[in-house]
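Observations on the three-dimensional arrangement
One letter stands for each residue in the lines below.
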Amino acid sequence: MRWRRAEAIETGGERRVSASPLTMRACVGWGLGSVGMMTLLNLTNTLILKYVVDFLGFSAAVAGGLIAATRIFDALIDPAMGMLSDNTRSRWGRRRPYLLAGGLLCALMPVLLFVLPTMVGAADRWPMVVAALLFFGVAHTVFNVPYMAMPVEMTDDPHERSFLFSFRIYGTAIGGLIGGAAAPWLVSRFGGDIAAFASMAWFMSGVILVCCLAAFLLTYETGRFAVVHAGRRPGLSALATLTKNRPFLLLLLAKVLIVAGTGVGAAAMAFFITRILDEDLSWLGFFIGLTTAGMMLSQTVWLFISRRRGKRRCFLIAAAGYSAVALSWLLAGPEEARLTLGLRSVLLGVFGGGILLTSQAMLPDVMAHEVMLTGIRHEGAMTGVYTTVERGASALGVALAGIILGMGNYVGGTGPLPPGASTAIYACVAIVPALAIAASSIAFYFYDLED
């Protein structure tokens, strides 16, 4: 690998190279990777449960369990992908080859999920959906695990990492707007039937392809630090050292609560819009758009608070606000003014942006802490463990949403909702997310890694 203004540094038995400062081009490029991945994730998280229940005929409980099972498979392969990238040596660096390969695979996913099932009979849709979801797990892992391991190699400054991760939040917000807002709008625009989902999928595949390729091309200078030689390559046995990294363990615990809790709400929001508020599915895009706007516009404020008060205190402030706003969904109904509903969505984006920025910017910090504790650089393996937990929590969130809806006797269709189904939907979008975020604050209260 070649770097400008390179300077050799010896740390932890490895030779590293100090390169040019973190550039805006690298930040934008890295952020575009999040646009692609979050477009794909929001697309599936928002629409896949409704698609397989209301259009493919699966029961809510079975569909939730199926999606959860395939995501658990996805999670289990993440550490192996991380170790593979840790031990990769190429002229493109340790991580970037997988941005290219994984990006191409991820671009196929909307077509596999929403187009292929329409080309087979009802009896063949089960295996088709299962195969597509399993492939989704592999494709996402190939891109996302090396991608998330890159920041600790791009800068060693904790505040610079927060700045870098703000681009991930922007990317997350834009991806949420595309996958969570534009996708439902396109489905409605194309007619709202099963063929409309297929038409939407082709458009989304193009967006994901462009973003992932841009992330690969614009991060050709992978940052200020990069490992170019290691006397001892990271292996499976090195993962045992993670049990001594207390900040990392607390981050994992909080991540489970954040992802599972908000995942329940995300999976049920389409049902809330169409069955509780009695609006067209395109309104889901409107609310997600407002949430995205709140998330993006608040980043400067959260960066300021994080720099002045630290990431932990910044998270606690954001979590308290998010929990309060989430509970206010209990007041929402068909008669509530849409302006009030919109304001609630904006506030969820504002406080959610603080939660995402601080919790994600802590990951490279705990990686750097691991090097100080053990002298081992295995950021990919650590990212694999992190995303395994994250993916497992995501699966848990979808499964819980399906279980809660099933306990409320929800059935697909457009008929009147039984009282239990309405209660289940309210619980998914308001109570569960609020309690989960509040619980994650307890975990972060004991997080003692200083910026």
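Provided above is the structure to which this section pertains.
The following refers to the structure shown. (Residues numbered from 1 in each chain as written. Predicted model: local features only at pLDDT ≥ 70, side-chain atom pairs only at ≥ 80, totals over all residues. Heavy atoms only, no water.)

1. Quick word on the packing of aromatic side chains
Put simply, the rule is: Put simply, two rings from Phe, Tyr or Trp (the six-membered ring, in Trp's case) pair if the centres are within 6.5 Å, and we call them stacked under 30 degrees between planes, edge-to-face over 60, tilted for the rest. Think of it this way: any DSSP run of H or I at least four residues long counts as a helix, any run of E at least two long counts as a strand, and we number them from the N terminus. For every residue, the accessible area (1.4 Å probe, protein chains only) is compared with the maximum for its type, and the residue is labelled buried under 20%, exposed over 50%, or partly exposed between those bounds.
One pass over the structure, following the stated rule, counts 21 aromatic pairs. Ring geometry for Y51 and F197: centres 4.9 Å apart, planes at 45°, overall tilted. With a gap of 146 residues between them, Y51 in helix α1 (residues 24–55) and F197 in helix α8 (residues 194–218) connect regions that are remote in the sequence. Y51 gets classed as buried once you look at its relative accessible area, which sits at 0%. On the accessibility criterion, F197 (1% relative accessible area) is buried. Centroid distance Y445 to F446: 5.4 Å. Interplanar angle 90°. Geometry classified as edge-to-face. Residue Y445 is classed as exposed on the basis of its relative accessible area of 56%.

2. Some remarks on unusual backbone geometry
With phi around 60°, D278 is a residue other than glycine that occupies positive phi space. When you line up the elements, D278 lands in the loop between α9 (246–276) and α10 (282–297). Look at N409: it is not a glycine, yet its phi comes out positive at around 65°. When you line up the elements, N409 lands in the loop between α14 (379–407) and α15 (419–445).

3. Focus: the pattern of salt bridges
Our working rule: The term salt bridge refers to a side-chain nitrogen of Lys or Arg lying within 4 Å of a carboxyl oxygen of Asp or Glu.
Counted according to the given criterion, the structure contains 9 salt bridges. A salt bridge links R95 to D86; its shortest N-O distance comes to 3.0 Å. Accessibility classification places R95 together with D86 in one group, the buried group. The partner of R94 in a salt bridge is E153, and the shortest N-O contact between them spans 2.2 Å. A residue pair is termed long-range when its members are at least 10 positions apart, and R94 in the loop between α3 (78–86) and α4 (96–114) and E153 in helix α6 (residues 151–154) qualify at 59 residues. Look at R94 and you get buried, because its relative accessible area is 5%. Accessibility expressed as a relative area gives 6% for E153, which makes it buried.

4. Observations concerning a nonpolar patch on the surface
Threshold: What goes into a patch is any residue over 30% in relative accessible area without a salt bridge, connected to like charges within 9 Å or, for nonpolar side chains (Val, Leu, Ile, Met, Phe, Trp, Tyr), within 5 Å. Using the Shrake-Rupley algorithm and a 1.4 Å probe, accessible areas are obtained, with residue cover drawn only from the displayed protein chains.
Residues L327, L330, I431 and L435 make up a contiguous nonpolar surface patch of roughly 350 Å² in combined accessible area. Note on placement: L435 falls in helix α15. According to the relative accessible area criterion, L435 is exposed, its value standing at 59%.

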